[in-house]
Amino acid sequence: MLDRGFALLYEATVNDRVLDFEQALTEVLRHASGVSRPAKAPQPIALNNTLRRVLAEPVRAERDQPPFRRSTRDGYAVRSADIAAGRDLRVLGSVRAGDRWRGDALRDGEAVEIMTGAPVPDGSDAVLMVEHTLTGADELLRAAPGRLRAAPGRMLAAGENIVPRGAEARKGAEVIPAGRVVGAAEVALAAACGRSHLEVFERPKVAIIATGDELVELDAVPEPWQIRNSNGHALQALVDEEGGFGERLQIARDNREDLIERISRGTMADLLILSGGVSMGKYDFVEQVLLEFGAEFFFTGAQIKPGKPVVFGRVPKRIAVPREDEPPWTGAWTCFFGLPGNPVSTEVCFRLFVAPMLRALCGRTEIAPRFIEARLAADVNCGMRVTRFLPAIVESDWKQVSVRPVPWQGSGDLAANARANAFVVLPGGVQSFAAGESMRVLLR
Ligand code: AMP
Ligand code: MG
């Protein structure tokens, strides 16, 4: 078996396909749009446990929303024509939120005191805000309790300060589509629709393989020349943040046997992420071993810095190390990403390329990375051919959003990376960027 493997190792070469940033992202999005949706979770999940899960079925309005004509103000339910005519009104009574008007429909010259959120009595077509009436201190009202007058010159259009019944949603209408990730706004809306439980998708399983002879786990004491496997943990956190279920496999040393064993297990997952071993170094075997597993590469690099050696492809799903007598392949593929090992490269590549694929595997319909625009707070010299992603701090006040790169020691600098809250994008081929220029920013 090893002989065959070695033969393949030396025969096979990965065809280089280095794309520019946009092409690489387009390639990921194209493949992501083709993945099938995950299975539905076997049980509906209690609403308060659904945060970050993805809806497998739409949420529909339980009834007309609002279920009655709702006043949006504290004030008086009136007939707008009376206000236009400048009439004094007779206040019949009061209606509060949680109750309804029990009297007759309003007739000309009549008003009902009303609170925000209360149902507007029949016969009235607008709510006059309490701030727009002459108050109890006013002479008229003191002289004639129960009388009401609009403040001088105050007009009121029909429908003002009333949300019509069903204006937000009609009973049975889809208010949250399947494929939406659940956040606080979705929880609020689902609760308003009476949903104590929601149907969500299963979380995709993501195998995480950190490769490198220099790596040690958290329970070991590193020698001075060794480094901790921070990427394994970072990737697990990133996967969790995006709604996947990350499993860290044992560190793979930079040799074929380790890589074969880990990758053969990794292909059982819904997505496989490898860190390290994809550069041009003498011990960077990841691509070769993937090729032995029958991998197809969609790209083998992107014109970005950090992150240039990133690879993306798919590998036949297997459950065992390749053998002469292995069972026929089932036809299923597992997508993989090989991320450069430098920690900031790993995070950048995850956010740019892995996250969209993972979102699709989670069943989400919105998957592309989201960029905002911000003004550069200081001059930046760059002059690189490739698109750069620099750890940066985004600050905002009411007037503008500004961004400034954090000083750093390069893509291994996790301390600088942790001071940042975003990555500022510097397009390739531009010598320098001046303070005040509008830049794209990828938020964390
Ligand atoms: P590589 O992409 O394998 O050439 O790795 C490049 C550099 O990234 C290595 O020299 C390490 O310093 C660092 N590195 C690789 N893997 C990890 C990891 N799992 N955690 C933290 N740093 C890593
Ligand atoms: Mg390495």
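Below, the structure is looked at part by part.

Calculation notes
- Residues numbered from 1 in each chain as written.
- Chains lettered and ligands numbered in written order.
- Predicted model: local features only at pLDDT ≥ 70, side-chain atom pairs only at ≥ 80, totals over all residues.
- Heavy atoms only, no water.
- Buried < 20%, exposed > 50% of the residue type's maximum accessible area, 1.4 Å probe, protein only.
- Helix = DSSP H or I, 4+ residues; strand = E, 2+ residues; numbered from the N terminus.
- Polar contact = N/O pair within 3.5 Å; in protein donor to acceptor, adjacent residues only side chain to side chain.
- 1 Å grid on protein atoms, 1.4 Å probe; cavity = no way out; pocket = protein on both sides within 12 Å on 5 of 7 lines; lining within 4 Å.
- Points joined across faces, edges and corners; volume = space filled by probe spheres on them.
- Nonpolar A, V, L, I, M, F, W, Y, C, P; charged D, E, K, R; others polar.
- Core = buried A, V, L, I, M, F, W, Y, C linked by side-chain atoms within 4.5 Å.
- Contact = heavy atoms within 4.5 Å.
- Pairing = 2+ DSSP bridges.
- Axes fitted to C-alpha atoms, helices over the stretch in contact; angles between N-to-C directions.
- Near = heavy atom within 4 Å.
- Areas by Shrake-Rupley, 256 points an atom, 1.4 Å probe, with all protein chains shown as cover.
- Phe/Tyr/Trp six-rings, centres within 6.5 Å; stacked < 30°, edge-to-face > 60°.
- Salt bridge = Lys/Arg side-chain N within 4 Å of Asp/Glu carboxyl O.

1. Points about helix α7 (residues 256-266)
- With eight of 11 residues buried, α7 lies mostly within the body of the structure.
- Turning to α7, its buried residues number three or more, namely R256, D258, L259, I260, R262, I263, S264 and G266.
- Its side-chain oxygen 3.2 Å from the backbone nitrogen of E257, N255 forms the N-cap of α7.

2. Some thoughts on empty space enclosed by the protein
- By the definition in use, this model includes two cavities of 30 Å³ or more.
- Forming the boundary of the second largest cavity are R52, R53, V54, F201, E202, R203, P204, G243 and C362.
- Across the lining of the second largest cavity, the residue classes tally to four nonpolar, one polar and four charged.

3. Brief notes about the nonpolar core
- With 43 residues, the main nonpolar core has L271, I273, F337, L339, F350, F353 and M357 as its most contacted residues.
- Where this core is concerned, the elements lending two or more residues are α2 (21-33), β13 (205-210), α6 (230-241), β17 (271-275), β18 (296-299), β22 (333-339), α9 (343-361) and β27 (422-426).
- Not counting the four nearest positions on each side in its chain, L271 is found in contact with K205, V206, A207, T334, C335, F337, V354, M357, L358 and L361.
- In this structure, L249, V278, V289 and V311 belong to the second largest nonpolar core, which totals 21 residues.

4. Considering the sheet that holds strand β16 (residues 245-248)
- Read across the open sheet, the six strands follow the order β16-β13-β17-β22-β21-β18; overall the sheet is mixed. Edge positions in the open sheet fall to β16 and β18, since each of these has one partner strand only. Taken pair by pair, the neighbouring strands of this sheet meet at an average axis angle of 25°, ignoring direction.
- Across five bridges, β13 lies against β17 in parallel orientation. Residue I208 lies in a different strand from β17, and its bridge partner there is I273.
- Where α6 meets the sheet, its contacts fall on β13, β16, β17 and β22, and the angle it forms with β16 comes to roughly 165°.

5. Topic: the site of ligand 1
- Around ligand 1, 17 residues are found, and the nearest of them are N229, N231, G277, G341 and N342.
- Between R228 and ligand 1, the recorded distance is 3.5 Å, taken from a backbone N or O atom to a nitrogen atom.
- N229 is positioned such that a nitrogen or oxygen atom in its side chain is 2.8 Å from a nitrogen atom of ligand 1.
- For ligand 1, whose accessible area on its own is 490 Å², the fraction buried by protein is 77%.
- Elements with a contribution of two residues or more to the shell around ligand 1: β15 (227-228) and α6.
- The residue makeup of the shell around ligand 1, split by class, is five nonpolar, 10 polar and two charged.

6. Side note on the environment of D413
- Looking at where D413 falls in the secondary structure, it is placed in the loop between β26 (401-405) and α10 (414-419).
- C-alpha of D413 to C-alpha of N229: the two residues are 184 residues apart in sequence and 14 Å apart in space.
- Setting aside residues no more than four positions away along its own chain, D413 makes contact with V344 and W408.
- Reaching out from D413, the side chain makes a polar contact with the backbone nitrogen of Q409 at a distance of 2.9 Å.

7. Let's talk about the packing of aromatic side chains
- Using the criterion set out here, one finds seven aromatic pairs in the structure.
- Where F299 meets F353, the ring centres are 5.6 Å apart and the plane angle is 65°; that geometry is what we call edge-to-face. A residue pair is termed long-range when its members are at least 10 positions apart, and F299 in strand β18 and F353 in helix α9 qualify at 54 residues.
- Looking at F353, the relative accessible area reads 0%, which means it is buried.
- In textbook terms, an aromatic cluster arises when at least three aromatic residues are bridged by ring pairs, as seen for F21, F298, F299, F312, F337, F353 and F389.

8. Examining the pattern of salt bridges
- Across all of its chains, the model carries 27 salt bridges by this definition.
- In this structure, the salt-bridge partner of R364 is E242, at a minimum N-O distance of 3.7 Å. With R364 in the loop between α9 and β23 (371-376) and E242 in the loop between α6 and β16, this pair connects stretches of sequence that are 122 residues apart. Each of the two residues, R364 as well as E242, counts as buried.

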